[in-house]
Amino acid sequence: MENTVKSTVVSSDGMSLRLVSYGDKITRVTYVAGPSFPDVASAIVTAEPDSGGTVCENENELVFCAGDARAVVDKKTLDVKFERENYGILSRISGQGLDEYDIYRNEIKETKTRITADGVRITATDSERKFSRKAYHGSLKLRFTEDEELYGLGSHEEGYPSLKGRYVPLYQENMRISLPYIVSTNGYAYLFDCLSFMIFDGTDRRHGNFYFDTVDALDYYFICGDGFDDVCRGYRHLTGITPLPPKWTVGYIQSKERYKTQEEIVGIAGKYREIGVPLDCVVQDWYTWPGDLWGYKIFDGERYPDPGKMTDDLHNMNVRMMISIWPYMIGDSENQKEFRAAGLLLGDDSTYDAFSPDGRDMYWKQAYDGIFRYNIDGWWCDSTEPFDAVWEGAERPPLPERMKKSVDEFKKYLDDGVINAYSLYHSMGIYEHQRVTGCKKRVVNLTRSGYPGQHRYGTFVWSGDVSATWEALARQVRIAQNYIACGEAYWNSDIGGFFVKKWRQWFGDGDYEKGCDDPGFRELYTRWLQFAGFTPMMRSHGTDTPREVWCFGERGTPFRDAIEKTIRLRYMLSAYFYSVCANVTFDGTMPITALGLAFPSDRTARAVDWEYIYGHEFLVCPVTHPEYYLPDSVEITNQDRYTDVYLPEGGWYDFHSEKYYDGGRYIRVANRIDRIPLFVRAGSIIPVMPVMQFVDEDQDAECEIRIYAGRDGEFELYNDAGDGYDYENGDYTRIKIKYSDSDGSVSEELSGVGSYRRRHRYRIIKKKGSD
């Protein structure tokens, strides 16, 4: 007999396990020592449990149902298997364990200042350990099926193609953003509600062992659905809605390390307008503060004499400005003194306490008074994994050594149980405070660290300070897929790699001593830019060499022309990219999907980790190896080279030539330097805009809506004011376009109360030249 319940508890040998329904096909599992369960609000999950669970049991098992998903608990071992009607067993968890231990905190006695390539850092050199509290080390084992693949766990420099067979430490570091979330090609995901250091050990491809360094209970959510999109909707239900970014973020963003004066940054924007290359934002990197007052949230008066005029000049060219700010302060600036007097610095006497509401209040007040009041458009919250112990030395430390040093450094200043979540709280402070100012700008926060739920706060993460190598570019393609598989939509990378040259330290490992004067780097940069054109943010940045388009040769030369053509393609598809952003906000679907998740029944697709789906329409095939300029070449080779592309099941059109191909096979395509291999799925509907100098330059411009015949199709074309939060109250226009392939008819259905409908015409592209 089934009973409808909100939750149910099973106990055995002094341990207890609770199951709670959080909606259709979502079950929360909590495992504790003893009979009592912690009553602590989650920093990750915002959803409330529902009362829709049902339970039935026999002598050996208890069955808890959330929709058609079942959790079957062994009453003796408390092992759990997750099943779904008509799908069978999806996943099993066993070996759940909790081992009590004592947490000690460090009372810092002495510190030292370190100059690193990642900024000036304060590190504790002497401290006294004092008992803080008791907690548990946790563990559990996941059992995999032979034919599934796993994705997720965040953005890791190694660029894992799949998590099965991998050892992945989950801690925060430059080039490592750890998210305790995995998703399977079998249509399920796990979200582990834990803020501490963790380890996933999947080296035995049949099992995955999770270690949780510091917990009060094992606490996780099992989400299943009808495919990857449905699983993402479940994650959105648990963790909240991703706000819509402003429209300018789908345009081209120019940055480098670093622009040094007000005059320079305005001049860069002016030159883009002069030469007619589209641009929507310039980024001011570090050292805007006076002297050596690192992290002081004011402009140096000599180099930036009139910040208000600077932003006015940029805005008069329809260029936005993003600025770098840091969570720590050095040099006894007034900002640092104010935090110190209030007792809101952590033990290094440098980093503000983002876990404290008062700390977040003070940080925003300083950022507003010193920077935001000058009409800044976006934040670059750098170094949001604020403690470092490994970014020095000539040799790359082995991963276990790096892991231990980094984790130990965080534990000097933070409770063991929260060391992975600094960026989550820091981002929350920026977002919540900007929202209540009443300004008409949507929050944009480019930040180097992340955590589940951080999407609620208007963040874009990037993959950190990677080096300019072809291997690094290939890894970025896989990193993007794994990070976004976690349900966190907005990821990007430094186009061209941050470090271009060889540095004395291990992390500066670029291949190009001549920088943008090296044809080899120009080719790498061009291919990286093409890849970035099909990521959520197209942002050029790095050190060692300039990155502006005019630094890559004269017009009429292959790389310069390819770079400009790639930027213009981004603007041609700006209405498409913005509509994909709207899908993230309104539907919870992701902009990038690994082929294994998009085509889970296609075994060949699972192995193709160098391609991915953008939206639901594009098959993106980045070129991640040199062809036009090889190190031993004496000149650029201009003839076409070829690459093999895998087309999953269905019909596909080459976006550039409009030639049709049947899928389920590899094809060979030309690798022209001025284009990325790009295919459109049959049945897709793609809005194409005239090229503009900034998004929405001509709001009356006609949009060509291309329909690729061969299958019925549907697309929701979205438009709104481009900034501000009126869209939350329905001030937008969303057109659901449906195409019937049988008779070639097109229908439209409007939603929203805004008046943002674009003039448009349809063009149906039919099969031609297929082979």
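Residues numbered from 1 in each chain as written. Predicted model: local features only at pLDDT ≥ 70, side-chain atom pairs only at ≥ 80, totals over all residues. Heavy atoms only, no water.

Brief notes about the sheet that holds strand β31 (residues 660-662)
Across the sheet, which stays open at both edges, the six strands sit in the order β26-β27-β28-β33-β30-β31 with antiparallel pairing between neighbours. Across the chains shown, the open sheet's two edge strands, defined by having one partner strand only, are β26 (592-594) and β31. Between one strand axis and the next, the sheet turns by 35 degrees as a mean value, whatever way the strands run. Here strand β30 (residues 651-654) pairs with β31 via three bridges, running antiparallel. When the bridges of β31 are listed, Tyr653 appears paired with Tyr660. (Pairing = 2+ DSSP bridges. Helix = DSSP H or I, 4+ residues; strand = E, 2+ residues; numbered from the N terminus. Axes fitted to C-alpha atoms, helices over the stretch in contact; angles between N-to-C directions.)

Details of the packing of aromatic side chains
Under the defined criterion, the tally for this structure stands at 76 aromatic pairs. Relative to Tyr190, the ring of Tyr188 has its centre 5.7 Å away and its plane inclined at 80 degrees; by these criteria the two rings are edge-to-face. Through a chain of ring-to-ring contacts, three or more aromatic side chains come together here, namely Phe82, Phe144, Tyr188, Tyr190, Phe192, Phe200, Phe210, Phe212, Tyr220 and Phe222. Above the plane of the ring of Tyr725 lies Arg435, whose end atom (NZ or CZ) is 3.5 Å from the centre. Above the plane of the ring of Phe577 lies Arg570, whose end atom (NZ or CZ) is 4.3 Å from the centre. (Phe/Tyr/Trp six-rings, centres within 6.5 Å; stacked < 30°, edge-to-face > 60°. Lys NZ or Arg CZ within 6 Å of the ring centre and 35° of its normal.)

Considering the packing of helix α9 (residues 519-532) against helix α10 (residues 558-572)
Close contact between α9 and α10 brings their axes to 10 Å; oriented N to C, the two are set at 10 degrees. Taken as axis vectors, α9 and α10 run roughly parallel relative to one another. Residue-level contacts link Pro519, Arg522, Glu523, Tyr525, Thr526, Leu529, Gln530 and Ala532 of α9 to Phe559, Ala562, Ile563, Thr566, Ile567 and Arg570 of α10. (Parallel < 35°, antiparallel > 145°, perpendicular 65-115°, else oblique. Contact = heavy atoms within 4.5 Å.)

What to know about the nonpolar core
Within the largest apolar cluster, 224 residues are counted, with the highest numbers of intra-cluster contacts made by Tyr190, Phe210, Trp379, Phe534, Leu573, Tyr614 and Phe618. Take this core: its biggest share by element is nine residues, from helix α8 (residues 470-485). Aside from chain neighbours lying at most four places away, what touches Phe210 is Gly138, Ser139, Leu140, Leu142, Leu153, Leu170, Ile182, Phe192, Ile199 and Phe200. In terms of nonpolar packing, the next biggest core, distinct from the first, is built from 15 residues, Phe599, Ala605, Ile667 and Phe679 among them. (Core = buried A, V, L, I, M, F, W, Y, C linked by side-chain atoms within 4.5 Å. Buried < 20%, exposed > 50% of the residue type's maximum accessible area, 1.4 Å probe, protein only.)

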